[in-house]
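One letter stands for each residue in the lines below.
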Amino acid sequence: MHFSHLYTMALLTLAGFCLAQPAQATPLLRCAVTYAGSTQTIEATPVADPYVVASVDIGGRFWFKPVVVGQGSRLDYIKLYAYLDTASQPVLIQEAKYLPPFASAQLPASLTGEQHLYAGHLERELIYNCTLQGVQP
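Everything numeric here is computed off the predicted structure, so don't read it as measured data. (Residues numbered from 1 in each chain as written. Predicted model: local features only at pLDDT ≥ 70, side-chain atom pairs only at ≥ 80, totals over all residues. Heavy atoms only, no water.)

Looking at the protein as a whole, its pLDDT mean stands at 87, while 82% of the residues score no less than 70. The low-confidence segment residues 6–22, where pLDDT is below 50, has 2 contacts with residues more than four positions distant or belonging to other chains. (pLDDT = per-residue confidence, 0-100. Contact = heavy atoms within 4.5 Å.)

The subject of this paragraph is the sheet that holds strand β3 (residues 56–58). What holds strands together in a sheet is hydrogen bonding between their backbones, with the strands either parallel or antiparallel. Reading across the sheet, the 4 strands line up as β3-β4-β5-β6 and stay open at both edges, with antiparallel pairing between neighbours. The open sheet has two edge strands, β3 and β6 (90–98), and neither has a second partner. Mean inter-strand twist for the sheet, computed between neighbouring axes without regard to direction, equals 20°. Pairing of β3 with strand β4 (residues 62–71), which is carried by 3 bridges, proceeds in the antiparallel orientation. Looking at β4, one finds that valine 56 is bridged to phenylalanine 64. (Pairing = 2+ DSSP bridges. Helix = DSSP H or I, 4+ residues; strand = E, 2+ residues; numbered from the N terminus. Axes fitted to C-alpha atoms, helices over the stretch in contact; angles between N-to-C directions.)

Bringing the pattern of salt bridges into the picture now. Per the counting criterion, the structure on display carries 3 salt bridges. Between arginine 74 and aspartate 76 there is a salt bridge, with its nearest N and O atoms 2.9 Å apart. Overall, arginine 74 belongs to the partly exposed group, its relative accessible area being 43%. Aspartate 76 sits in the partly exposed class, given a relative accessible area of 32%. Salt-bridge contacts for glutamate 95 lead to lysine 79; the nearest nitrogen and oxygen are separated by 3.4 Å. Here glutamate 95 is found in strand β6, whereas its partner lysine 79 is found in strand β5 (residues 74–85), with 16 residues between them in sequence. Exposure remark for glutamate 95: the relative accessible area of 42% places this residue in the partly exposed category. (Salt bridge = Lys/Arg side-chain N within 4 Å of Asp/Glu carboxyl O. Buried < 20%, exposed > 50% of the residue type's maximum accessible area, 1.4 Å probe, protein only.)

As structure tokens, this is what we get:
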């Protein structure tokens, strides 16, 4: 057999092996956050330092902060923070913590269910639902 044929066969075998291996997806947390009829999608991927994650302004009334702590495909925990924006400072109205094991899912799987939070003197409503995908068994 000619050397170029052996080389081509080796490359094809290696390519087939690489394609047969499952892809290591990075976990993705996706939250649909609704206030006053407007919905924002907020995504979070694993970070090593939870303090670098910024809060997201929701309609000038609330702040929402999804924190996914881990490395690569490993998740250590997920924390979700919701704040009411007041004149003096944001006020924490909910902190939710989720610990492993997380359900293995390549497709989005509900993590939180639909959450309804009410805050402020007018009882403003914040609604959110988060899904998690890309978690390996």
